[in-house]
Amino acid sequence: MLITGASSGIGLALAKLGLQRGYRVVATARKSSLSRFRSLGLPESENFLIRPLDVTNADQREALIAELNKHHHGVDVLINNAGIAYRSVIEHMSSADELLQMETNFLGPMALTRLVLPRMRKQRRGCIVNISSVGGMMAMPTMGSYSASKFALEGASEALWYELRPWNVRVVLVQPGFVHSNAFRHIYWTHRGKSALTGQDDYHAYYANMESFVERLMGIAHATPDSIAKKVLRTIESAHAPLRVSATADAVFFSWIRRFLPRRLYHGLLYRGLPGISHWGKN
Ligand SMILES: NC(=O)c1ccc[n+]([C@@H]2O[C@H](COP(=O)([O-])OP(=O)(O)OC[C@H]3O[C@@H](n4cnc5c(N)ncnc54)[C@H](OP(=O)(O)O)[C@@H]3O)[C@@H](O)[C@H]2O)c1
């Protein structure tokens, strides 16, 4: 089982649980996080390897899969978990910011998937788990690029589900909603977004309200990285898992209202429910 972004949050919980359940786990982290990861006290063994992997780096992706194919019987389960989230209105994103968001959450995972597929198809067995998000089914202001990356992941995974079914290779999209974790501390900011949050800016109210809103919801969320990891493993082990798996109660709720409310009503309700919306656009 190969897990990307395993140095914290959901990836770390997955690595621990996978190991406990007897999987042979390859947990990867960016070079800059490796020493922190190693200091967590999970000793490497025949069943637990820690390897450097920046999912945006083609050389690292290829070297890792080549090593696993050559010395460790390849990858049976790939969990594309690594992800970043920009908090930015679309107007404040630069092209470089957009590219980093897409490379990390979509292009890198797709490239890694392409590397493991030949062997999975040859064996006619395998599982690709893509950790998506509620943001992959609905977009919110200041999270547009994050949502775009997860929508892309969702679209490609859906196509892949059809393409791989004849080969008995499963594809699953796991959609967590708000998770009680420190992930909001890892938010990426654009230069313009950061100064809009703290200073005078046309978009100040957007950032100030969305920032505290998301932090509050993550703080009170029942779901934890451990509960998401359990859901992921249950999904991997279930022969009949659907393509999309809601991993939190709010994900179930949002997928229902997204599906069943008429779109005009849905967008209108969500708009009116945005935090501090009466102040937006008033500067
Ligand atoms: N937490 C939530 O509320 C939530 C909700 C919905 C979906 N998700 C999704 O769940 C996944 C895990 O998120 P999390 O909550 O566990 O967040 P997290 O604690 O911030 O973990 C993200 C992980 O991704 C790694 N990462 C970032 N960029 C990378 C890159 N270029 N190459 C390799 N690894 C990279 C990070 O490594 P470093 O330590 O090196 O930065 C970190 O280990 C993400 O895909 C996220 O979008 C999370």
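Each remark here, short or long, concerns the structure printed above.
Residues numbered from 1 in each chain as written. Predicted model: local features only at pLDDT ≥ 70, side-chain atom pairs only at ≥ 80, totals over all residues. Heavy atoms only, no water.

A.B. asks: Is there a simple way to think about helix α7 (residues 204-220) in this case?
C.D. replies: Since the α-helix packs 3.6 residues into each turn, any two residues three or four apart lie on the same face. Across its 17 residues, α7 extends 25 Å between first and last C-alpha, which sits within 8% of the 24 Å expected from 1.5 Å per residue. Buried residues of α7: Ala 205, Tyr 206, Tyr 207, Met 210, Phe 213, Val 214 and Met 218, and no others. Buried residues in α7 make contact with α6 (191-198). (Helix = DSSP H or I, 4+ residues; strand = E, 2+ residues; numbered from the N terminus. Expected span 1.5 Å × (residues − 1). Buried < 20%, exposed > 50% of the residue type's maximum accessible area, 1.4 Å probe, protein only. Contact = heavy atoms within 4.5 Å.)

A.B. asks: What exactly am I supposed to notice about the packing of helix α1 (residues 9-20) against helix α8 (residues 225-237) here?
C.D. replies: For any two helices packed against each other, the geometry is given by the interaxial angle and the distance between the axes. Relative orientation of the contacting elements α1 and α8 amounts to 55 degrees, with a least axis distance of 8 Å. One way to sum up the angle between α1 and α8 is to call them oblique. For the element pair α1 and α8, the recorded crossing hand is right-handed. Residues Gly 9, Ile 10, Ala 13, Leu 14, Leu 17 and Gly 18 of α1 lie in contact with α8, whose contacting residues are Pro 225, Asp 226, Ile 228, Ala 229, Lys 230, Val 232 and Leu 233. Split into classes, the residues belonging to the contact of α1 with α8 amount to nine nonpolar, two polar and two charged. (Axes fitted to C-alpha atoms, helices over the stretch in contact; angles between N-to-C directions. Parallel < 35°, antiparallel > 145°, perpendicular 65-115°, else oblique. Left-handed = near helix turned anticlockwise from the far one by under 90°. Nonpolar A, V, L, I, M, F, W, Y, C, P; charged D, E, K, R; others polar.)

A.B. asks: Any chance you could explain the environment of Leu 42 here in plain terms?
C.D. replies: With respect to the helices and strands, Leu 42 occurs in the loop between α2 (31-38) and β3 (48-52). In the structure, Leu 42 is positioned 72 residues away from Arg 114 in sequence and 29 Å away in space, judged by C-alpha atoms. Discounting residues that sit within four places of it in the chain, Leu 42 has contacts with Leu 12, Lys 16, Phe 37, Phe 48 and Ile 50.

A.B. asks: Help me out: how do you make sense of the nonpolar core in this one?
C.D. replies: It is characteristic of soluble globular proteins that their nonpolar side chains tend to be buried jointly. If you look at the biggest cluster of nonpolar residues, it comprises 34 residues, and the most contacted ones within it are Phe 37, Ile 79, Val 232 and Ile 236. Elements represented by at least two residues in this core include exactly α1, β2 (25-29), α2, β3, β4 (77-80), β5 (126-131), β6 (169-175) and α8. When residues in this core are grouped by element, the largest group, six residues, is from α1. Discounting residues that sit within four places of it in the chain, Val 232 has contacts with Leu 14, Ile 79, Val 129, Ile 131 and Val 174. Counting residues in hydrophobic clusters, the runner-up holds 26 residues, among them Leu 2, Val 26, Val 55 and Ala 82. (Core = buried A, V, L, I, M, F, W, Y, C linked by side-chain atoms within 4.5 Å.)

A.B. asks: Before we go on, may I ask you to explain the packing of aromatic side chains in this structure?
C.D. replies: How two aromatic rings sit relative to each other is given by the distance of their centres and the angle of their planes. Under the criterion given, the structure shown has seven aromatic pairs. Arranged with centres 4.9 Å apart and planes meeting at 80 degrees, the rings of Tyr 203 and Tyr 206 form a pair that is edge-to-face. As far as the burial class goes, Tyr 203 and Tyr 206 line up, both buried. An aromatic cluster is built from Tyr 203, Tyr 206 and Trp 280, whose rings are joined through pairwise contacts. We note Arg 121 situated over the ring of Trp 167; from NZ or CZ to the ring centre the distance is 4.6 Å. Lying over the aromatic face of Trp 189, Lys 194 brings its terminal NZ or CZ to 4.8 Å of the ring centre. (Phe/Tyr/Trp six-rings, centres within 6.5 Å; stacked < 30°, edge-to-face > 60°. Lys NZ or Arg CZ within 6 Å of the ring centre and 35° of its normal.)

A.B. asks: I tried to follow the sheet that holds β6 on my own but got confused; where do I start?
C.D. replies: Two pairing modes exist for strands in a sheet, parallel and antiparallel, and in both the strands are linked by backbone hydrogen bonds. Pairing is parallel across the open sheet formed by seven strands, whose spatial order is β3-β2-β1-β4-β5-β6-β7. Pairing within the sheet leaves two strands with one partner each, and these edge strands are β3 and β7 (244-246). (Pairing = 2+ DSSP bridges.)

A.B. asks: Can you walk me through the pairing of β6 in this structure?
C.D. replies: For a regular strand, side chains alternate in direction, first toward one face of the sheet and then toward the other. Most of β6 is tucked away, with six of its seven residues classed as buried. As a crossover connection, the stretch from β5 through helix α5 (residues 144-164) into β6 is right-handed. Bridging between β6 and β7 involves three bridges; their strand directions are parallel. Residue Val 174 lies in a different strand from β7, and its bridge partner there is Val 245. (Right-handed = clockwise from strand over helix to strand, strands pointing away.)

A.B. asks: Explain the site of the ligand here, please?
C.D. replies: Around the ligand there are 29 residues in total, and Ser 7, Arg 30, Ser 33, Asn 81 and His 186 lie nearest to it. One nitrogen or oxygen atom from the side chain of Ser 33 is found 2.4 Å from an oxygen atom belonging to the ligand. At 2.8 Å, a backbone N or O of Asn 81 approaches an oxygen atom of the ligand. Protein chains shield 90% of the accessible area of the ligand, which is 890 Å² for the free molecule. When contributions to the shell around the ligand are tallied by element, the ones reaching two or more residues are α1, α2 and α5. Residue classes in the shell around the ligand are distributed as eleven nonpolar, 14 polar and four charged. (Near = heavy atom within 4 Å. Polar contact = N/O pair within 3.5 Å; in protein donor to acceptor, adjacent residues only side chain to side chain. Areas by Shrake-Rupley, 256 points an atom, 1.4 Å probe, with all protein chains shown as cover.)

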